[in-house]
Amino acid sequence: MADEEEDAPFEEDAEEAGGGLDGGQGKRKRLFSKELRCMMYGFGDDQNPYTEAVDILEDLVIEFITEMTHKAMSIGRQGRVQVEDIVFLIRKDPRKFARVKDLLTMNEELKRARKAFDEANYGS
């Protein structure tokens, strides 16, 4: 019983302080909830996963993106994020590095295919 009384003020203090990823502005707009729900379902979760689970996962995703962006802004050209900076940051994680490499290669192939398509339809 004494433990419950001690925990309650702590939770109230955390809420009053405005901590957390939403910056103390109450409920923030969920940016990736639809995509995360689909991904969770694709990886074996229920078709309609718990909202709390989606919210926690979204908080983790936003935290990861924010940290990577801040790190990328601190290296290379100050205040700018470039693809090379992101590649530099993930170079030691083989899975992420391979995935980024695949996505960049696919992006280049798509650009070339669009250019060839546009030239065939509108060029010459």
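Throughout this description, residue numbers start from 1 for each chain and increase along the sequence as written. Residues qualify for local features only when their pLDDT is at least 70, as the model is predicted, and side-chain atom pairs are given and counted only at 80 or more; totals for whole chains, interfaces and linings, by contrast, use all residues. Just so you know, side-chain values use all the structure's heavy atoms and leave hydrogens and water out.

Asks: What is the right way to read the overall build of the protein chain from this model?
Replies: Numbering of helices and strands runs from the N terminus, with a helix taken as a DSSP run of H or I at least four residues long and a strand as a DSSP run of E at least two residues long. Summing up its helical and strand segments, the protein chain has five helices and zero strands in all. When the elements of the protein chain are put in sequence order from the N terminus, they spell out α-α-α-α-α. Here's how the labels work: a residue is buried when its accessible area is under 20% of the maximum for its type, exposed when over 50%, partly exposed in between, all with a 1.4 Å probe on protein chains only. In the protein chain, which comprises 124 residues, the share counted as buried stands at 9%. Once local pairs closer than 6 in sequence are excluded, the contacts in the protein chain between residues at least 24 apart make up 29%. Within the structure as shown, the protein chain displays about 10600 Å² of accessible surface, and the carbon and sulfur contribution to it stands at 56%. Throughout, a residue-residue contact means that at least one pair of heavy atoms, one from each residue, lies within 4.5 Å. Every accessible area reported is derived by Shrake-Rupley at a probe size of 1.4 Å, with residue values counting cover from the shown protein chains alone.

Asks: Just checking my understanding: could you explain the pattern of salt bridges for this structure?
Replies: Side chains that differ in sign of charge can pair as their charged atoms come close. Any Lys or Arg side-chain nitrogen located within 4 Å of an Asp or Glu carboxyl oxygen qualifies as a salt bridge. This model, assessed by the stated rule, comprises five salt bridges. Salt-bridge contacts for D55 lead to R30; the nearest nitrogen and oxygen are separated by 3.4 Å. On the criterion of sequence distance, the pair formed by D55 in helix α3 (residues 51–74) and R30 in the loop between α1 (2–17) and α2 (33–42) is long-range, its members being 25 residues apart. Overall, D55 belongs to the buried group, its relative accessible area being 17%. E58 is the partner of R30 in a salt bridge, and the nearest nitrogen-oxygen pair spans 3.8 Å. Placement of R30 in the loop between α1 and α2 and of E58 in helix α3 is noted, with a sequence separation of 28 residues between them. Within the structure, one salt-bridge network assembled from shared partners comprises R30, D55, E58 and D59.

Asks: Looking at this structure, how should I read the packing of aromatic side chains?
Replies: A ring pair, where both rings are aromatic, is described by two values, the distance of the centres and the angle of the planes. Each Phe, Tyr or Trp ring (for Trp, its six-membered ring) is paired with any other whose centre lies within 6.5 Å, and the angle between the two planes then decides the class: stacked below 30 degrees, edge-to-face above 60, tilted in between. Within the structure shown, the criterion is met by zero aromatic pairs. In this structure, R91 packs its charged tip against the face of F88, placed 3.9 Å from the ring centre. By definition, being over a ring means that NZ of Lys or CZ of Arg is both within 6 Å of the ring centre and within 35 degrees of the ring normal.

Asks: I would appreciate a short explanation of the packing of helix α4 (residues 83–90) against helix α5 (residues 94–122) in the present structure.
Replies: How two helices sit against one another is set out by the angle between their axes and by the gap between those axes. Interaxial distance between α4 and α5 falls to 9 Å at its minimum, and their mutual angle equals 155°. Taken as axis vectors, α4 and α5 run roughly antiparallel relative to one another. Where α4 crosses over α5, the handedness of that crossing is left-handed. For the pair formed by α4 and α5, the contact residues are V83, V87 and I90 on the first element and K96, F97, V100 and L104 on the second. A class-by-class count of the residues in the contact of α4 with α5 yields six nonpolar, no polar and one charged. Inter-axis angles, ranging from 0 to 180 degrees, are taken between N-to-C directions of lines fitted to C-alpha atoms, where helices are fitted over the stretch in contact. Working rule for angles: under 35 degrees goes down as roughly parallel, over 145 as roughly antiparallel, 65 to 115 as roughly perpendicular, anything else as oblique. A clockwise turn of the near helix away from the far one marks a right-handed crossing, whereas an anticlockwise turn of less than a right angle marks a left-handed crossing. Residue type decides the class: Asp, Glu, Lys and Arg count as charged, Ala, Val, Leu, Ile, Met, Phe, Trp, Tyr, Cys and Pro as nonpolar, and the leftover types, Gly among them, as polar.

Asks: Mind showing me how you'd approach a nonpolar patch on the surface here?
Replies: Note that patches include only residues with greater than 30% relative accessible area and no salt bridge, and the join distances are 9 Å for like charges and 5 Å for nonpolar side chains (Val, Leu, Ile, Met, Phe, Trp, Tyr). Taken together, the side chains of I56, L57 and L60 make up a nonpolar region of the molecular surface, amounting to roughly 270 Å² of accessible area. Mapped onto the secondary structure, I56 falls in helix α3. A relative accessible area of 54% means that I56 is categorised as exposed.

Asks: Which parts of the structure should I look at to understand the environment of D85?
Replies: Looking at the element boundaries, D85 is found in helix α4. In this structure D85 comes out as buried when scored by relative accessible area, which is 7%. Counting along the chain gives 16 residues from D85 to T69, while the straight-line C-alpha distance between them is 9.3 Å. When sequence neighbours within four positions are dropped, the list of residues in contact with D85 reads A72, I75, G76 and R80.

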